[in-house]
Amino acid sequence: MRYVLETVRHGGLSGAARALQVNHATVARRIAAAEKACGAVLFDRLPGGYAPTQAGMEAARAAESMEAASAKLDLSIAARDQRLSGPLTVTAPQLIVERVLASILADFHAAHPHIELTLLSSNETLNLSQRQADVAIRISDSPLETLVGSKVSEQRAAVYVSHAYAERLKADPRPPLDWIRFSHWSGPPMDLGLSWPERRIALTVDDMIAAIGAVRAGIGATRMPCFLGETDPALTRLPDVGLFAYPGIWVLTHRDLQRVRRVETFMEFAAARLRQLRQTFLGDPQA
């Protein structure tokens, strides 16, 4: 039934195979077995792929209920586990891991070697209610109500350039500013208007890692959270531009897991260490 559910969720065999980490043939065989057991056709085999029948949709809804019940039971059992050992899965955005979290994980492992850490470094929001992770480090203005934890710091963003590009700007104080644009942004922030009225798009990128590489190469300027710009020795702030609001840093878990000893211990450890980096997150050495 899980194969049926994932095929419906992902619109065909390819997505289901990726989600289940198997090949297409395995998904097709499992669906055929489910149809034989149910005595009904669950998917129409069309030139464009597998399309769920009415029976298939009913089967998917039943499977979804089974999945939710299983996840609820899993959480309930996990909440009784008070060992300071065993598995602990943490999820965090890739750049948070690279710049600040990796050293925190190293110190936590040294202090608690019997806790088996798994790190899911992803910008995707994983479902903690389904135990895809136990603890999430998230950048957010409003985390889900089903999650509990604490905001460890506010954040700010600033506009950064390479040192070489900063020197070129000093030589010609007000040239057109070359801007590295994100594909989901319309262009430079309006707040640049007074300081840098002339701007031009030098490059469009689709993620922050690409943007950082482009700024380091001296292609132009872009806005990024201060914890990235302030910890990169190749970058410096663009002169005469202030700070921008940016979503805060949270350490979160599902409410049913908050009293699990290893979860609670890790959250307290990580939150304390992240709070020590408040000046970096705010881009203000006086904070």
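Position numbers for residues start from 1 in each chain and track the written sequence from start to end. The predicted origin of the model limits local features to residues at a pLDDT of at least 70 and limits the giving and counting of side-chain atom pairs to 80 or more, whereas totals for whole chains, interfaces and linings rest on all residues. Working from all heavy atoms in the structure, the side-chain values ignore hydrogens and water.

Engineer: Can you tell me about the overall build of the chain, naming the residues and giving the values?
Structural biologist: Helix and strand content of the chain: 10 helices and 11 strands. In summary, the chain has a C-alpha radius of gyration of 24 Å against a globular reference of 19 Å for 287 residues, an excess of more than 25%. Seen along its three principal axes, the alpha-carbon backbone of the chain occupies a region of about 75 × 50 × 30 Å. We call a residue buried when its accessible area falls under 20% of the maximum for its residue type, exposed when it is over 50%, and partly exposed in between, using a 1.4 Å probe and counting protein chains only. The proportion of buried residues among the 287 residues of the chain is 43%. Long-range pairs, those at least 24 residues apart, make up 70% of the contacts in the chain with a sequence separation of at least 6. Here the accessible surface of atoms and residues is derived via Shrake-Rupley with a 1.4 Å probe, and residues count as covered only by protein chains that are part of the display. Of the roughly 15,000 Å² that the chain leaves accessible, carbon and sulfur atoms contribute 52%. A gap of 3 Å separates the mean positions of the 32 positive and 30 negative side-chain charges of the chain. Labels follow the DSSP assignment, with helices taken as runs of H or I lasting at least four residues and strands as runs of E lasting at least two, numbered in each case from the N terminus. Just to be clear, the radius of gyration here is over C-alpha atoms, and the globule rule we use is 2.2 Å times residues to the power 0.38. Whether two residues touch is decided by their heavy atoms; if any such pair falls within 4.5 Å, the residues are in contact. Only four residue types enter the charge count: Lys and Arg as positive, Asp and Glu as negative, with His and the chain ends excluded. Throughout, a charge is located at the NZ atom of Lys, the CZ atom of Arg, the CG atom of Asp or the CD atom of Glu.

Engineer: Lay out the pairing of strand E11 (residues 244-254) with the relevant residues and their values.
Structural biologist: Within a regular strand, the side chains alternate between the two sheet faces. Where burial is concerned, most of E11 is hidden: eight out of the 11 residues are buried. In this description, strands pair whenever DSSP reports at least two bridges between them. The sheet contact formed by strand E5 (residues 135-140) and E11 spans six bridges and is antiparallel. Counted as the bridge partner of arginine 138 is tryptophan 250 from E11. Looking at chain direction, strand E6 (residues 147-162) and E11 are connected through nine bridges and run antiparallel. Across the sheet, serine 153 pairs through a bridge with isoleucine 249, a residue of E11.

Engineer: Describe the packing of aromatic side chains, and please don't skip the residues or the numbers.
Structural biologist: Side-chain rings of Phe, Tyr and Trp (the six-membered ring for Trp) are treated as a pair once their centres are within 6.5 Å; stacked means planes under 30 degrees apart, edge-to-face means over 60, and tilted covers the remaining angles. Per the counting criterion, the structure on display carries four aromatic pairs. Here the aromatic rings of phenylalanine 108 and phenylalanine 266 are separated by 5.0 Å at their centres, their planes lie at 90°, and the arrangement is edge-to-face. One end of the pair, phenylalanine 108, is in helix H5 (residues 94-111); the other, phenylalanine 266, is in helix H9 (residues 261-275), and 158 residues separate them in sequence. Given the relative accessible area of 0%, phenylalanine 108 is considered buried. Assessed through its relative accessible area of 0%, phenylalanine 266 is described here as buried.

Remember, this is a structural readout, not a statement about activity or role.
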